[in-house]
Amino acid sequence: MPVIEIENLRKTYSMDGGLSVEALCGVSLCFESGEFAAIMGASGSGKSTLLNILGCLDPPTAGRYLLNDDNVAALEGERLAALRNENIGFVFQSFNLLSRTSALENTELPLMYNHSGLGMTEIRRRALAALDRVGLAERADHHPNQLSGGQQQRVALARALVNEPSVLLADEPTGNLDSRTTLDIMALLQQLNDQGMLIVMVTHEQEIGAYTRRILEMRDGLIIRDSPVENRRHARAEASGESTTRLNATES
Amino acid sequence: MNFLMLLLVCFRALRRNAMRSLLTALGVVIGVAAVITTLGIGHGARSQIEEQVNRLGQNVILVFPGSQSLGGVSAGGGTVNTLTVEDALAIRDEIPEITAASPEVRSQRQVAYGNRNWFTRIYGQSADYLHIRQWPMEAGRMFSEEDVARATKVAVVGQTLVEELFEGANPVGETIRVQGMPLEIIGVLDRKGMSLMGSVQDDIVLIPYSTAFRYVSGRTHAMVINIQVLSDEYMDIARAKISDLLRERHRLRPEQPDDFTIQTQEEVARTATETSRTMTILLGSIAGISLFVGGIGIMNIMLVSVTERTREIGIRVAVGARTRDILGQFLLEALLLSCLGGLLGILLGFGVSTLIAHHAGWAVSVSVGAVFSSFVFSAAVGIFFGYYPARKAARLNPIEALRYE
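Residues numbered from 1 in each chain as written. Chains lettered and ligands numbered in written order. Predicted model: local features only at pLDDT ≥ 70, side-chain atom pairs only at ≥ 80, totals over all residues. Heavy atoms only, no water.

(A) Molecular detail of the sheet that holds strand S6 (residues 88–91) of chain A. Residues and elements named next belong to chain A. Across the sheet, six strands lie side by side as S6-S7-S8-S3-S9-S10; this open sheet has mixed pairing. Unpaired on one side and paired on the other, S6 and strand S10 (222–228) mark the two borders of the sheet. Neighbouring strand axes in the sheet, compared pairwise and without regard to direction, differ in orientation by 20° on average. With five bridges connecting them, strand S7 (residues 167–171) and strand S8 (residues 198–202) associate as parallel partners. Each residue of the ladder has a partner; that of leucine 169, found in S8, is valine 200. Along the sheet, helix H6 (residues 179–194) contacts strand S3 (36–40), S7 and S8; its crossing angle with S8, the most-contacted strand, is approximately 145°. (Pairing = 2+ DSSP bridges. Helix = DSSP H or I, 4+ residues; strand = E, 2+ residues; numbered from the N terminus. Axes fitted to C-alpha atoms, helices over the stretch in contact; angles between N-to-C directions. Contact = heavy atoms within 4.5 Å.)

(B) Geometry of the interface of chain B and chain A. Counting residues at the interface gives 25 residues for chain B and 29 residues for chain A. Summed over both partners, the interface of chain B with chain A comes to about 2,500 Å²; 57% of that surface belongs to carbon and sulfur atoms. Of all residues in chain B, B:Arg12, B:Arg16 and B:Val319 bury the most surface against chain A, accounting for 25% of the area lost on that side. Linking B:Arg12 and A:Glu108 is a salt bridge whose minimum nitrogen-to-oxygen distance equals 2.8 Å. (Buried area = accessible area lost by both parts, 1.4 Å probe. Salt bridge = Lys/Arg side-chain N within 4 Å of Asp/Glu carboxyl O.)

(C) Local environment of the environment of A:Ala129. Residues and elements named next belong to chain A. Tracing the sequence through the fold places alanine 129 in helix H4 (residues 120–133). Note on alanine 129: relative accessible area 42%, which makes it partly exposed. When the C-alpha atoms of alanine 129 and valine 162 are compared, they prove to be 8.1 Å apart, with 33 residues separating the residues in sequence. (Buried < 20%, exposed > 50% of the residue type's maximum accessible area, 1.4 Å probe, protein only.)

(D) Region of interest: the layout of surface pockets. For the second largest pocket, the calculated volume is near 480 Å³. In terms of lining, the second largest pocket is formed by 24 residues, of which the most central are A:Ser48, A:Asn52, A:Gln93, A:Asp171 and B:Arg403. Of all the elements in the fold, those that place two or more residues in the lining of the second largest pocket are helix H1 (47–54) of chain A together with helix H13 (398–403) of chain B. Per-class residue counts for the lining of the second largest pocket are seven nonpolar, 11 polar and six charged. (1 Å grid on protein atoms, 1.4 Å probe; cavity = no way out; pocket = protein on both sides within 12 Å on 5 of 7 lines; lining within 4 Å. Points joined across faces, edges and corners; volume = space filled by probe spheres on them. Nonpolar A, V, L, I, M, F, W, Y, C, P; charged D, E, K, R; others polar.)

(E) Region of the structure containing the domain arrangement of chain B. For chain B, the assigned domains are domain 1 (3–52 + 271–403) and domain 2 (81–258). Taking only C-alpha atoms into account, the centre of domain 1 of chain B sits 53 Å from that of domain 2 of chain B. (Domains from an automatic or database assignment.)

(F) Representation of the sheet that holds strand S1 (residues 2–14) of chain A within the structure. Residue and element names in this part refer to chain A. Strand order across the open sheet formed by four strands is S2-S1-S4-S5, with antiparallel pairing between neighbours. Strands with a single pairing partner mark the edges of an open sheet, and in this sheet they are strand S2 (20–32) and strand S5 (70–71). Here two bridges tie strand S4 (residues 62–67) to S5, and the two strands are oriented antiparallel to one another. Within S5, the position partnered with leucine 66 by the bridge is asparagine 71.

(G) The arrangement of the packing of aromatic side chains in detail. Summed over the entire model, instances satisfying the criterion amount to five aromatic pairs over all chains. Seen in terms of ring centroids, A:Phe90 and A:Phe92 are 5.4 Å apart; in terms of plane orientation they differ by 10°. Their pairing is stacked. The residues A:Phe90 and A:Phe92 share a single accessibility class, namely buried. Ring geometry for B:Phe384 and B:Phe385: centres 5.0 Å apart, planes at 85°, overall edge-to-face. A residue is classified by how much of its surface remains accessible, and B:Phe384, at 59% relative accessible area, is exposed. What makes B:Phe385 buried here is its relative accessible area of 5%. Here the guanidinium or amino end of B:Lys153 rests over the ring plane of B:Tyr215, the centre of that ring lying 4.6 Å away. (Phe/Tyr/Trp six-rings, centres within 6.5 Å; stacked < 30°, edge-to-face > 60°. Lys NZ or Arg CZ within 6 Å of the ring centre and 35° of its normal.)

(H) Region of interest: the pattern of salt bridges. Summed over the entire model, instances satisfying the criterion amount to 37 salt bridges over all chains. For B:Arg92, the salt bridge identified is with B:Asp93, shortest N-O distance 3.4 Å. Here B:Asp93 falls in the exposed class, since its relative accessible area comes to 54%. Taken together, the shared-partner salt bridges in this structure form one network comprising A:Glu105, A:Glu108, A:Arg124, B:Arg12 and B:Arg15.

See the structure below:
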């Protein structure tokens, strides 16, 4: 059963002066649990719009969007907020952590908006568990300005995972990171995906797309290519390989 | 999101900008403190006035000289010398409802004892003045009718004089000098405290009015006649009779206005209470305005805060905050700020009131009602001025908010 199913999705932005821009001109897609997809394309191709609609931040102008069989297009603001909270995890290029707030409190944020009304002890426990999952448990009380870019993105990942969403949406998650940290984050995403998490990622780097399982290429609001990744790259192996090479380099 | 969680979210947000939060609340702090203090002073002033009016004596009527009118222009009360010692004696002797009358003449003079001196008020009064004022003696005796008749150089002094000239020792039998004239102290007055006008009533030297007229003031007319009426029920009739008697003695034709003013104790009290009430309202409105301005300060900062925290709002929406969670958060933040300001303001107001009470010697009493109402008012200010920024925050487009730089 697909987690996400969209059919003939359209999005039109009306501009000042009666002009309207078609950002999506009828996109149909299906994502199942355990998939790792990269949406690629030049800027203006509609990939960010698609991600925002998938994330229930932006309503589609027309078309059908089923998330876990809920018809998102027909839902009201309150239910959309609940969907975002429970079913969707967001990771952004600029991390988007609350400044002057510890990693733990940043991670707690989605739990605080959770409708099941968790107690503070439970919230703290789950947030710590999520931080542990991204390997940052020992830095729980660090503020974003005390963390490196990669660590900040890990906190953002912990925050996205803390409510056990059914899909992780990542918008250029490695865009602000150096190549070494990019490998770390991609390794982490691959690991999460291996555990069954559906990940949909927007990127414009071919290289990054090679770590996913499926590449969707967009142009002018349409999907022009949808293909599985052959010769998938493995970030974990490359990272350890790199350090080995570096080690060898220093030895010789 | 339940309320406790919302509260926690707000606390965290305010803590993140602790300094700014405090500065924002400062406007409300000052406003509430001002309200508490002015209400406290007003309340204290009223109770003190009541006390002072009682201390004025019982069933007292005061007669002041009237105003001089030249070609229809009034020169104001007390500009003419219309009241004589004989008027006072006539009032006492001819009106049966009146038990005592004392013509008063005041002068401000330097008083010396040994190598010490003190600038004080010298009051010429009759022998029954202390009876009118219900003013007990601490030591010695009051001068007698005979002292008045013979213009004896004797004096009864207040506590301030005892402290300033005699360092608290009993001065009865000692001689002080006023403009070189010796005055023998025959009695000491009990402590009386502040007057309605705020002067220290213990800073006083009482001498027979005859002595005052002859040796001290150089005047020939009474500045006030202090009168005591037999009992409360005769106040109105006594007043009418005084008026008739004085008009007759001053040979005023029916069409001429009074050349004197009669005030009863109640009238004095009413005037004083009204004055203090007016002052309280005036100061209270200024304080209220400052509280209002404090509220505008909160709105200002909250608006800036909404813009500055656009991204934060975007993040919150992305992780599942509903519109009303955002609205609630910003509204509650404003409310918390104003309530924090209210609490600090109440404490500050208490402090300032106590300080004023201590230093100025005013009776300042902060009422529970004032505390409660100013706190409620500051909370209302928070909600009122917090709503607009909160609504602005809640209406942000999350996609744009997340990209906001």
